[in-house]
Amino acid sequence: MSNALVNCRPTQPPGLAFGLAALVSLLVVAKPIGKEPTSIGKHSPPPHEINTWGGHGTGVAISREVYAHVAQSADPWGLPVPPLAQAQTAPTGVGAGFAIVGAVAVLEGDEITTTASGTGYGLNKDNLAEISSRFIAAFGDDYDQIAVFVGFTDRLSQQALAYQQPVKNDIRGLGLGMWDETKRFGSPSGRMESMLNMKRINLYGRDAANDPENDLYSVWAQEAAHRWAVYFKYRFLNDTSDRTDLLLRQNAHWAPWVHAEASFLDGMSWQSQNNGTYLLTEMNKRYSTLDQYAMGLRTPLEVTPLFMLDDFKDEAGTAVAREGRFSRGQKYAARRIDVTIEDIVRAMGARTPATSPAAEDLRMGVVFLTPPGMGLTPLMGEAFRVETTRAPWDNFYNASAGGRGKVCTELLHPCRGPAFTFAPPVLTGAGKPTGLAAAGDSATLTVAVSNVGTEAGTADVTVSGQHPLLFSPNVTSAPVAPGQTVVLSYPVKVPDSSACGVPFKLDFSAPGRLGPSKGSHTVTVGMAPGPGTDFEDPSHATTWQVNPDGTDTAILGAWQWGAPEQTKAFDFVLQPGQAVSGTQVFVTGAAAGASPGDNDVDFDNTQPVAGRTTLQSPDFALAGLSNPRLAYQLHFVAAGFEREVLVPGPQDTFYVQASLDGAPWVEVDRVPSSLALGWEQRVRTLQDTLGAALATATRVRFRFVAEDHPYSETVVEAAIDDVFLLTDMPGCGGSTVGPPQPPPQAKAGGCHYGGQSPPVSPAGATLAMAALALVGRRKRRQR
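Residues numbered from 1 in each chain as written. Predicted model: local features only at pLDDT ≥ 70, side-chain atom pairs only at ≥ 80, totals over all residues. Heavy atoms only, no water.

(A) Structural detail: the state of the cysteines. In this structure the tally under the stated criterion is one disulfide. Paired through a disulfide, Cys 408 and Cys 415 show a sulfur-sulfur distance of 2.1 Å. Disulfide Cys 408 to Cys 415: torsion about the S-S bond roughly 90°, handedness right-handed. Under the relative-accessibility criterion, Cys 408 is labelled buried at 2%. (Disulfide = S-S within 2.5 Å. Buried < 20%, exposed > 50% of the residue type's maximum accessible area, 1.4 Å probe, protein only.)

(B) Highlighting the pairing of strand E39 (residues 666-672). Relative to E39, strand E38 (residues 653-660) is paired through six bridges, and the arrangement is antiparallel. The residue of E39 that forms the bridge with Phe 654 is Val 671. The turn linking E38 back onto E39 is made up of five residues, and Asp 661 within it adopts a positive phi angle of 50°. (Pairing = 2+ DSSP bridges. Helix = DSSP H or I, 4+ residues; strand = E, 2+ residues; numbered from the N terminus.)

(C) Layout of helix H4 (residues 215-225). Counting buried positions along H4 yields 11 of 11 residues, so the element is predominantly enclosed. Buried residues of H4: Asp 215, Leu 216, Tyr 217, Ser 218, Val 219, Trp 220, Ala 221, Gln 222, Glu 223, Ala 224 and Ala 225, and no others. The backbone nitrogen of Leu 216 lies 2.8 Å from a side-chain oxygen of the residue at the head of H4, namely Asn 214. (Polar contact = N/O pair within 3.5 Å; in protein donor to acceptor, adjacent residues only side chain to side chain.)

(D) Representation of unusual backbone geometry within the structure. Note that the residue after Ala 229, namely Val 230, is joined by a cis bond; omega there is 0°. Tracing the backbone shows Val 230 in the loop between H4 and strand E11 (258-259). Here the amide bond leading from Thr 352 into Pro 353 is cis, since omega sits at 0°, within 30 degrees of zero. The phi dihedral of Asp 661 is positive, around 50°, even though this residue is not glycine. Not every positive phi belongs to a glycine, and Asp 722 is a case in point at roughly 50°. Considering the arrangement of structural elements, one finds Asp 722 in strand E42 (residues 714-728). Judged by its relative accessible area of 1%, Asp 722 falls in the buried class.

(E) Structural context of the pattern of salt bridges. Under the criterion given, the structure shown has 38 salt bridges. A salt bridge links Lys 432 to Asp 441, with the nearest nitrogen and oxygen atoms 3.1 Å apart. Three or more residues are tied together by salt bridges with common partners; here these are Asp 245, Asp 310, Asp 311, Arg 322 and Arg 335. (Salt bridge = Lys/Arg side-chain N within 4 Å of Asp/Glu carboxyl O.)

Laid out in structure tokens, this is it:
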């Protein structure tokens, strides 16, 4: 590995746990390279790791108690072996139990997916098996590998920068034994082959997403390839036994004296100078042709001959040990030993089967695991950083084998072939405005389906989920070309017993040549929009009041009506550049400013008070509304810096207050420390906070407040759109405020609960709260 990894070494690296090294040695002896048993074994071998200083150890450093739990076999130290932890009852459906940041599945850790160690946590084989099982349950058994990033220091393998956990091998000729633990890892089809513990993204520095030379990608490439490589022996034609000196660490990485075309698996590239000397030119740069043969991407005839060097002397003529360290750019005199693919096949046997669909079209899931009890919010920056490095990894893998292999880390659809995305569905009752449906209605469910793949395909869409809607779940479209969108319609019967205002989760799935496309959205019945606004009328600039009491303290970023200008920081949107509907919103400082944080909510640093900006609505009439709710679209970012990662501002906040008939203000909603990836519709039942006074009130007004905590180096941006009151439709049984009136018809172009959601980024449409990483300058303050 490069020198960049040297700085990652712990100050006091822990030693390997008692007995583990001996146990690993025992396993290696029991399953020597190239001696594959004739039957499928029960347990996979121990993982291979990359140490934090760039070396490779003999296995993951874990305690003997934990190892007994991992192995699920007789404990050599006589300790009882605890049974496998049983997963608790988990939510079901597409993405259930996970949040989604871009195409990264975010899972909050618990006592089953992590193992407590001292004051922290770590991962063992059982934990990885549980993570895999939950991921496959949520996103489908369509993945060959899963890469896990964690939001904590893995205390069970502190010396390892990353490692691969084998799950399955059914390929002969690689030097691996035969085993299959796919059922244990939650893959009933047997497709899952390995898991990667990539540890913490912060170890790789702040610029990984913008630097293809960052060590993250070569480490990722090595661990992905360890599923197949490199475990080769060789035998010359006249040999009576196999030779092992192609490999060094763990018998799983190229030895430094081998010309391995600068393989990611510790490979060097030695260039002949045609005078008996050799120049070390590269290391860890690509998948070699022999790596690709192991991966099933090349035939034996396509493998470049390799050679080894021995009897080294430096340019001064001094002998250099073969196991010593070699310097890149330096020449060495050495004796050359040629090795052919025939020599390797003679020892290992032919690769059977010859090709590997998993390497040719590798489907890899990417998971970000938080510490138990912490949730996503404090680690949003890290989750977003994993997402920003995921897409470059796809390109890196695709280029590393000369285009022979592709990796796809998309979460909900394949990267190529027919691939479909599903817009939020709209449920409309017969004879009602678009998006309105009530209990007992005969209705129509419509969903826009877009082909984001590379080939035309038929969208055969199945709708499922835990909901009471009654309809035929399958609808098939005509062929949909790449970039084309079609709208599918499903006749629906809404049961008489359906509750108003309760969202029903719908899962969408369409098969494809390279895997299914999936999606998940909700629909709501029994609610209609009442009084409100989409902010398109210019009169809102005066009917909505900024700083209504003259007590606001923000010196920058006061609320403004207008079209917002997008503010970005390294691809993360701090302030949106478009409205949810139409073009106009209220936003804290509509202009972007010269750099992020130049025109956000800002405090006066001479005063020990928060920078506050307040927006007050006009009165909304409550007459005729049943169980009224406040619904509004919000984009709120309150972000601070921590170790060069943007994290939620610890005390910045956004909140909403309501006043009935001029009574004192009561808080009805609060959003602390938010890092929004897109617009989020928030719905709050007013009865919950305003109580009995709501039953006799005639009008309500709201205040929307954004605050920047004093003495904090944070960026605070807020925008709101489509503010409406919602009412239960007839038949819901809610209490009506004032004299009954029919609900108003939905306004064209407006946004209402249960209707068509606004166009946002695919990631924003999936998760209202997500993460970001910011590696630039801190926001500038007014002095």
